[in-house]
Amino acid sequence: MSERIIPITDARRIKPLPELGISKAGTSGATDGLVADTLGRKLRDLRISVTDRCNFRCVYCMPKEIFGPDYKYLARSDLLSFEEIIRLVRVFRRHGIQKVRLTGGEPLLRRNLERLITDLSALGTVEQPLDITLTTNGSLLAKKARALREAGLTRITVSLDSLDDETFRAMNDVDFPVSDVLEGIDAALAAGLAPVKVNMVVKRGVNDHHVVAMAKRFKGTGCIVRFIEYMDVGASNGWRMDDVVPSAEIVRRINAEMPLEQADPHYRGEVAERWLHADGSGEIGVISSVTQAFCRDCNRARLSTDGMLYTCLFASQGYDLRTLIRNGTSDDGIAEAIARLWSVRDDRYSEIRTAETAKARKVEMSYIGG
Ligand code: SAM
Ligand code: SF4
Ligand code: SF4
């Protein structure tokens, strides 16, 4: 194991909450309402990692050399239970959370996930709807799409890095075929989860020559392909700037074959930049986390599988909300803790990324949630 790798247990370097003066009893809802961080960004979006395990070993996320047979995943007792997740989401809702994304690891590996989705969807109201979405590698989707929809899932994102079977098998590194993921996408569309978003992480020299084919395959299908710049998340993927294909180049390449027109974002802080097919047959998106950082509008908090709160995808430290849940802290106390933690946030990693920061110790994406 290289020195730069942080095993998950060690990666959970936690900032002690008492430093922030948080009491168990809280202040009876005094901190409820929208909460802004030091840069004025309001908390809107919560990503929850429901498992740190995965049945793929994508080379850019969970490389086999690190996530091998001896890798120590979280113990079952460390995981937040569904009841604990629901309690936390209920408290986050007091601060105006409008969207929950379930992720991981591979979220569909978590047993009875539909039950969690059903309970989450019960938290939405007419006045404060709750968008429940999920990011999956699609491997189990053909079987589960209908049940997920029936449980109340509103939208879904499926990751697929290439339509070329050989390339895809090499990238997921477990020899998983493209056809099964395509079947999962079809099942999601049939279950009424349109538009299905399809995420493709683009790595130069590995799959970038398949970008146009990907856009072509999903044009007019009700799917929106989103091309993601390869990021220096975690500390195990050996990221180099040379491997990144800038979004502007991706748009140029697709536009040369299928004319595109830029569209306005649906809302402030939308991660993907939208491009419409000029012939009206749908759209694509590009996520330029490296070349055009969007920290300025970043309103996302992340809850790790074991209940640590991270305020940035590139964080090296989290805040231990699980202890608050398990030590008798009231909902008011937890609401107050979340408000305080968010109010001291100053993260803007992608805006200040350098070759040096890219080498820093950061938590792995499979643990913190993508
Ligand atoms: N296992 C699920 C999946 O793959 O969709 C959910 C978790 S995965 C960590 C979430 C998203 O992060 C996926 O779309 C994946 O492609 C993306 N991702 C993982 N590592 C990445 C990296 N180094 N750069 C850019 N995106 C990455
Ligand atoms: Fe698993 Fe998703 Fe990471 Fe691939 S990107 S290894 S599918 S968690
Ligand atoms: Fe948000 Fe951190 Fe990504 Fe910037 S680097 S957009 S603050 S998650």
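Quantities reported herein were computed from a predicted structural model and do not represent experimental measurements.

1. Remarks on the overall build of the protein chain
Phase 1 of the analysis: In terms of regular secondary structure, the protein chain is built from 12 helices and 13 strands.
Phase 2 of the analysis: The C-alpha atoms of the protein chain give a radius of gyration of 20 Å, which matches the 21 Å a tight globule of 370 residues would have.
Phase 3 of the analysis: Principal-axis analysis of the C-alpha atoms gives the protein chain an extent of 60 × 50 × 40 Å.
Phase 4 of the analysis: Across the 370 residues in the protein chain, those meeting the buried criterion constitute 56%.
Phase 5 of the analysis: Accessible surface, the protein chain as shown: approximately 15,400 Å² in total, 50% of it carbon and sulfur.
Phase 6 of the analysis: The average position of the 53 basic charges and that of the 51 acidic charges among the side chains of the protein chain differ by 3 Å.

2. Some thoughts on the site of ligand 1
Phase 1 of the analysis: In the neighbourhood of ligand 1, 20 residues make up the surrounding shell, with Gly 105, Ser 159, Asn 199, Val 201 and Met 231 lying closest.
Phase 2 of the analysis: Between Gly 105 and ligand 1, the recorded distance is 3.0 Å, taken from a backbone N or O atom to a nitrogen atom.
Phase 3 of the analysis: Here an oxygen atom of ligand 1 and a backbone polar atom of Thr 136 are 3.2 Å apart.
Phase 4 of the analysis: Taken by itself ligand 1 offers 550 Å² of open surface, and the protein chains cover 95% of this.
Phase 5 of the analysis: Counting residues per element, the ones that place at least two in the shell around ligand 1 are strand S4 (131-136), strand S6 (196-202) and strand S7 (223-229).
Phase 6 of the analysis: Split by residue class, the shell around ligand 1 holds 8 nonpolar, 10 polar and 2 charged.

3. Some remarks on the site of ligand 3
Phase 1 of the analysis: The environment of ligand 3 is made up of Phe 294, Cys 295, Cys 298, Arg 300, Arg 302, Cys 312, Leu 313, Phe 314, Arg 345, Asp 347, Tyr 349 and Ser 350.
Phase 2 of the analysis: Across the shell around ligand 3, the residue classes break down as 7 nonpolar, 1 polar and 4 charged.

4. Regarding the packing of helix H2 (residues 82-93) against helix H3 (residues 113-121)
Phase 1 of the analysis: Across the interface, H2 lies against H3 with an axial gap of 10 Å and an inter-helix angle of 25 degrees. Between H2 and H3, the angle falls in the class roughly parallel. Here the hand of the crossing between H2 and H3 comes out right-handed. On the side of H2, the interface is formed by Phe 82, Glu 83, Ile 85, Ile 86 and Val 89, while H3 contributes Leu 113, Arg 115, Leu 116, Asp 119 and Leu 120.

5. A look at the layout of surface pockets
Over the atoms rolls a probe the size of a water molecule, and its path tells where empty space is left.
Phase 1 of the analysis: Of the pockets and cavities examined, the second largest pocket occupies roughly 440 Å³.
Phase 2 of the analysis: Arg 76, Leu 79, Leu 109, Arg 110 and Arg 111 are, among the 15 residues lining the second largest pocket, the residues nearest its centre.
Phase 3 of the analysis: Here the residues of the lining of the second largest pocket sort into 6 nonpolar, 3 polar and 6 charged.

6. A word on the packing of aromatic side chains
Phase 1 of the analysis: Applying the stated rule across the entire model yields 5 aromatic pairs.
Phase 2 of the analysis: Considering the side-chain rings of Phe 56 and Phe 176, the 5.1 Å spacing of their centres and the 45 degrees angle between planes classify their relative orientation as tilted. Here the residue Phe 56 occupies a position in the loop between strand S2 (45-49) and H2, and Phe 176 occupies one in the loop between helix H5 (165-172) and helix H6 (178-190), the gap between them amounting to 120 residues. For the pair shown, Phe 56 and Phe 176 are each scored as buried.
Phase 3 of the analysis: Centroid distance Tyr 71 to Tyr 73: 4.9 Å. Interplanar angle 65 degrees. Geometry classified as edge-to-face. Summarising the burial analysis for this pair, Tyr 71 and Tyr 73 share the class buried.
Phase 4 of the analysis: Every member of this aromatic cluster is reached through a ring pair, and the members are Phe 56, Phe 168 and Phe 176.
Phase 5 of the analysis: Here Arg 217 stacks its cationic end above the ring of Phe 218, 4.9 Å away from the centre of that ring.

Reading the values: the criteria
Residues numbered from 1 in each chain as written. Chains lettered and ligands numbered in written order. Predicted model: local features only at pLDDT ≥ 70, side-chain atom pairs only at ≥ 80, totals over all residues. Heavy atoms only, no water. Helix = DSSP H or I, 4+ residues; strand = E, 2+ residues; numbered from the N terminus. Rg over C-alpha atoms; globule rule 2.2 N^0.38 Å. Buried < 20%, exposed > 50% of the residue type's maximum accessible area, 1.4 Å probe, protein only. Areas by Shrake-Rupley, 256 points an atom, 1.4 Å probe, with all protein chains shown as cover. Lys, Arg positive; Asp, Glu negative; His and termini not counted. Charge placed at Lys NZ, Arg CZ, Asp CG, Glu CD. Near = heavy atom within 4 Å. Polar contact = N/O pair within 3.5 Å; in protein donor to acceptor, adjacent residues only side chain to side chain. Nonpolar A, V, L, I, M, F, W, Y, C, P; charged D, E, K, R; others polar. Axes fitted to C-alpha atoms, helices over the stretch in contact; angles between N-to-C directions. Parallel < 35°, antiparallel > 145°, perpendicular 65-115°, else oblique. Left-handed = near helix turned anticlockwise from the far one by under 90°. Contact = heavy atoms within 4.5 Å. 1 Å grid on protein atoms, 1.4 Å probe; cavity = no way out; pocket = protein on both sides within 12 Å on 5 of 7 lines; lining within 4 Å. Points joined across faces, edges and corners; volume = space filled by probe spheres on them. Phe/Tyr/Trp six-rings, centres within 6.5 Å; stacked < 30°, edge-to-face > 60°. Lys NZ or Arg CZ within 6 Å of the ring centre and 35° of its normal.

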